[in-house]
Amino acid sequence: MASNHAFEVAIELATRQRDGARNTLVQLRGHLARAQMQLHQLASYAQETRQRWSPREGAQLQPEVLRHQRQFLQRLEHTMQMQQGVVHEHEQRIARAAAVLAAAEARLASLRQVLERRLRALAQQQARREQKQTDELAMQRHVRGAGRQLTQGI
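Note that the structure is predicted; figures quoted are calculated from it, not measured.

A. Expanded view of the overall build of the protein chain. Across its full length, the protein chain carries two helices and zero strands. Whereas a compact globule of 154 residues would reach a radius of gyration of roughly 15 Å, the protein chain reaches 38 Å, over 25% beyond that. Taken along its principal axes, the extent of the C-alpha atoms in the protein chain is 140 × 30 × 15 Å. The 154 residues of the protein chain split such that 19% are buried. Restricting the contact set of the protein chain to residue pairs at least 6 apart, pairs at least 24 apart contribute 90%.

Structure below.
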């Protein structure tokens, strides 16, 4: 029974670890969604800026203005690349967290199976003991009954 208690404690600990891994994965997915949204916002802003700054027919822009626009768009592109790196890093973290969760779930399932096997084995042992006791009691009654018949027959 003490060893079953140890398994129950191990299952409780494994359950907490699995729940913690699941919560971590949920949080990381939220971080990824926010990072992807920021990337989408940057891309939309860059597209709007390009459209707004596209040269109109017959319009002449000062070289200084063109240079500033180019520099701004380059910085915006650089920021988008950095944000893509952040998104990629979040995806990698999610993959690692999913692997941790899968391992925790496998460990928990394994512990539960072992405990179930042990409980079935204990139940079988108890059933055998009860059957043995029943058989012994039936044998004793039979012997007593046969002994009475012998003494009554004399």
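Don't stop here, the text continues.
B. Main features of the packing of aromatic side chains. One pass over the full model with this rule turns up two aromatic pairs. Ring geometry for Tyr45 against Phe72: centres 6.1 Å apart, planes inclined by 80°, an arrangement best described as edge-to-face. Taken together, the residues span a long stretch of sequence, with Tyr45 in helix α1 (residues 2-53) and Phe72 in helix α2 (residues 63-153) at a distance of 27 residues. Judged by relative accessible area, which is 26%, Phe72 ranks as partly exposed. An aromatic cluster of at least three residues, connected via ring pairs, comprises Tyr45, Trp53 and Phe72.

C. Examining the environment of Ala43 more closely. Tracing the chain through its elements places Ala43 in helix α1. A residue is classified by how much of its surface remains accessible, and Ala43, at 31% relative accessible area, is partly exposed.

D. Main features of the nonpolar core. Grouped together as the largest cluster of nonpolar side chains are 15 residues, with contacts concentrated most on Leu25, Leu76, Met80, Val87 and Ile94. Broken down by secondary-structure element, the contributors of at least two residues to this core are α1 and α2. Tallying contributions element by element places α1 first for this core, with eight residues. Setting aside chain neighbours within four positions, we find Leu25 in contact with Ile94, Ala97, Ala98 and Leu101. The next biggest cluster of nonpolar side chains, apart from the first, holds six residues, and it includes Phe7, Ile11, Ala14 and Leu115.

E. Representation of the side chain of His90 in the model. Here His90 is to be found in helix α2. Residue contacts for His90: discarding those within four places in its chain leaves His31, Leu32 and Ala35.

Definitions and limits used
- Residues numbered from 1 in each chain as written.
- Predicted model: local features only at pLDDT ≥ 70, side-chain atom pairs only at ≥ 80, totals over all residues.
- Heavy atoms only, no water.
- Helix = DSSP H or I, 4+ residues; strand = E, 2+ residues; numbered from the N terminus.
- Rg over C-alpha atoms; globule rule 2.2 N^0.38 Å.
- Buried < 20%, exposed > 50% of the residue type's maximum accessible area, 1.4 Å probe, protein only.
- Contact = heavy atoms within 4.5 Å.
- Phe/Tyr/Trp six-rings, centres within 6.5 Å; stacked < 30°, edge-to-face > 60°.
- Core = buried A, V, L, I, M, F, W, Y, C linked by side-chain atoms within 4.5 Å.

It is worth stressing that arrangement in space is one thing and function is another; only the former is reported here.
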